[in-house]
Amino acid sequence: MATGTGFIELDGVEKVFEVRRRTGFLRSERREVRAVDGIGFRVERGEMVGYIGPNGAGKSTTIKMLTGILTPSGGRLRVAGIDPSRERTRLAHRIGVVFGQRTTLWWDLPLRDSYRLVHRMYRVPDARFRENLERCVELLDLGALLDVPVRQLSLGQRMRGDIAAALLHDPEVLYLDEPTIGLDVVSKAKVRGFLRDLNAERGTTVLLTTHDLTDIEQLCRRVMVIDHGRLMYDGALAGLHEVGESERTLVVDLERELPPIRLESEPSVRTVKVEGPRQWLAFPASGSAAPLVARIAAEYPLVDLSVREPDIEAVIAKMYASAEAR
Amino acid sequence: MAEVTEVSRAVEVPDAVFVERSRLVEGVRAYGLIVAMWLRSTMAYRASFAMTAFGNFAATGFDFVAILLMFAHVDELGGYTLPEIALLYGASGTAFGLADLVLGSMDRLGRRVRDGTLDTLLVRPVPVLAQVAADRFALRRLGRITQGLLVLGYGLAVLDIAWTPLKVVMIPLMLLSGAAIFGAVFVGGAAFQFFAQDAAEVQNSFTYGGNTLLQYPPTVFAKDLVRGVTFVVPLAFVNWLPTLYVLGREYPLGLPEWVAFLPPVVAGVCWGLAGAAWRAGLRSYRSTGN
Ligand SMILES: Nc1ncnc2c1ncn2[C@@H]1O[C@H](COP(=O)(O)OP(=O)(O)O)[C@@H](O)[C@H]1O
Ligand SMILES: [Mg+2]
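Residues numbered from 1 in each chain as written. Chains lettered and ligands numbered in written order. Predicted model: local features only at pLDDT ≥ 70, side-chain atom pairs only at ≥ 80, totals over all residues. Heavy atoms only, no water.

(A) Structural detail: the site of ligand 1. Surrounding ligand 1, one finds 16 residues, the nearest of these being Gly56(A), Lys59(A), Ser60(A), Thr61(A) and Arg286(B). Mapping the residues adjacent to ligand 1 onto the chains of the assembly identifies chains A and B. The backbone of Arg286(B) places a nitrogen or oxygen atom 2.8 Å from a nitrogen atom of ligand 1. If ligand 1 stood free it would expose 560 Å²; the protein chains cover 83% of that surface. For the shell around ligand 1, the elements supplying multiple residues, two or more each, are β1 (8-24), β2 (27-43) and α1 (59-67) of chain A. Tallying contributions element by element places α1(A) first for the shell around ligand 1, with 3 residues. The class makeup of the residues in the shell around ligand 1 is 6 nonpolar, 8 polar and 2 charged. (Near = heavy atom within 4 Å. Polar contact = N/O pair within 3.5 Å; in protein donor to acceptor, adjacent residues only side chain to side chain. Areas by Shrake-Rupley, 256 points an atom, 1.4 Å probe, with all protein chains shown as cover. Helix = DSSP H or I, 4+ residues; strand = E, 2+ residues; numbered from the N terminus. Nonpolar A, V, L, I, M, F, W, Y, C, P; charged D, E, K, R; others polar.)

Rendered as structure tokens:
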């Protein structure tokens, strides 16, 4: 993975912010925040990579350096052979960017006007533009929204609109910073499906940040975990569960209140919480839930159940714990 | 070793010049594209446009009404008659109006820096300055220009000026250079907002405040203020010196006659400084955490 020349290359990249905090009248204290603290990785053309980590880990800062918005404080960074902060406008033709938290569309104008402007700004050939727009409108279900001012769109609609805007000039790589944050289930599914097709059919390289592990599970074979500005893990998602020894949670609803479930045949399962007839059982994420469910159904009066994936915070906490134990 | 550097410099210079020029062309083109879009959307509401343009015309006209009221009680102000003041007023108002029309949106930069929305402009392949300047282009600002031109026209029609070819050339030269000087102040003020995000008020005091100041003759102000407006923030070159030349009146501070022809040079220098400040500001931009 770290061999050859990647499409995106980072070597010991750092970003240090100097923040000033007021400590009194006319007095302030300087402090350094190492938002990104020596990160190195390579992404090949056509890869789809998840970049995950808790809030404040340094994900957005990395994306901003990859787009040229921020200049790294140290290290080396190249996208398509270009140093982003030095040749920001040249790089802009080759990348697409979607910020979950803020729109790149013109707030007061209809979606259609934003697209028209992107068309001219990026000098997209007419035929190509029409083709790309039609495709996005169809797959992202934007037909009814084209004449609506952006400020009147719901979060999910706006996000779909933003993704389309980022792709009209055929970028070679698409960065998405928290594209599913705050979206409803239907919008999330639509966005994920679209990204999967984009990567599979057009070979667009995709780098997406999220703190929703489900995004990664459904989209990315490769995942990078970052915390406190450092890369904690770079590899397959399955491997992440092993490294972190993370646990999934089985939530079972029984017919009535019972003492904590205990299964002789499944020693790795722990009952972590009981609330009336509802019980929470933790089991290794690498294992399958099916035999466990079968046993419980056989021995207890089971009414309903659901499986919860480990959240990223839990995975990382485990990762630290196992690193310290070693 | 010395030879090598010579060669590489010879190669670099024309390239750098070319890049500079094409960025300017790119910027103007992008400005035009964004303005065209805002115009289309404003024109969708013609009635509302007419109303706001008239409002702008009327609001800026109150300034002149105040001057008219003053002249109901006095015959001269600082040694100047009403038509002479109309000339000063109209020239400054028109120049400021032009700059305001083209670059008036720059004062929103501080907010974009503070809330981090400047990020979205930085990922597009066109100069940020053009995008900020063209944002929410407001044609209603034509109201101020119209009003300035009317007052200027009144002054020119009533005054008995001994016209020479140079004086005729001076009028458009003054309006365009004056607009450029005000424009540089808009850009420089915006650049300052990269460092002090609440500085929109400071910028406004130089632009709107400067315009109000220039509507009155230099003789009504203290010498130190006139010095500052001539040598520090050179607004005196917008209308004072060129108008005094046309009127054939004495300059403040005992300046020589030829300084009336300096406005294009002053505008060029101001733009050089404003451009450098803008680039420094943009380099210092550090976005926000979410
Ligand atoms: N412009 C900035 N100025 C100061 N501190 C910042 C800035 N941007 C980010 N940070 C800080 O850097 C750290 C990483 O932030 P960020 O990259 O936004 O994290 P993430 O996107 O993973 O949530 C945080 O501690 C954040 O407060
Ligand atoms: Mg973030």
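Picking up after the structure, the text goes on.
(B) View of helix α2 (residues 46-71) of chain B. Residue and element names in this part refer to chain B. If you check α2, its first and last C-alpha atoms are 38 Å apart, about what 26 residues at 1.5 Å a residue would give, namely 38 Å. Of all the bends in α2, the largest measures some 30° and sits at phenylalanine 62. Of all the residues in α2, the buried ones are Phe49, Ala53, Asn56, Thr60, Gly61, Phe64, Ile67 and Phe71. (Expected span 1.5 Å × (residues − 1). Bend = angle between axes of the 7 residues up to and from the residue. Buried < 20%, exposed > 50% of the residue type's maximum accessible area, 1.4 Å probe, protein only.)

(C) The arrangement of the nonpolar core in detail. Core analysis: the largest hydrophobic core is formed by 164 residues, its most contacted members being Ile8(A), Val79(A), Tyr115(A), Ile163(A), Tyr175(A), Leu118(B) and Trp278(B). Setting aside residues no more than four positions away along its own chain, Tyr115(A) makes contact with Leu105(A), Phe129(A), Leu133(A), Leu142(A), Leu146(A), Gly161(A), Ala164(A), Ala165(A) and Leu168(A). Ranked by size, the runner-up nonpolar core spans 12 residues in total, among them Leu254(A), Leu281(A), Ala289(A) and Ile296(A). (Core = buried A, V, L, I, M, F, W, Y, C linked by side-chain atoms within 4.5 Å. Contact = heavy atoms within 4.5 Å.)

(D) Inspection of the interface of chain B and chain A at higher detail. Contact with chain B, which involves 29 residues of that partner, is made by 28 residues of chain A. With both chains or domains summed, chain B and chain A bury close to 2,800 Å², and 57% of this area falls on carbon and sulfur atoms. The shortest N-O distance in the salt bridge between Arg123(A) and Glu26(B) comes to 2.8 Å. Linking chain B with chain A are 12 residue pairs in polar contact (both at pLDDT 80 or more). At the level of elements, α1 (2-43), α5 (118-122) and α6 (128-134) of chain B are the ones that each hand at least two residues to the side of chain B that touches chain A. Considering every element that reaches the side of chain B that touches chain A, the biggest residue donor is α1(B), with 9 residues. (Buried area = accessible area lost by both parts, 1.4 Å probe. Salt bridge = Lys/Arg side-chain N within 4 Å of Asp/Glu carboxyl O.)

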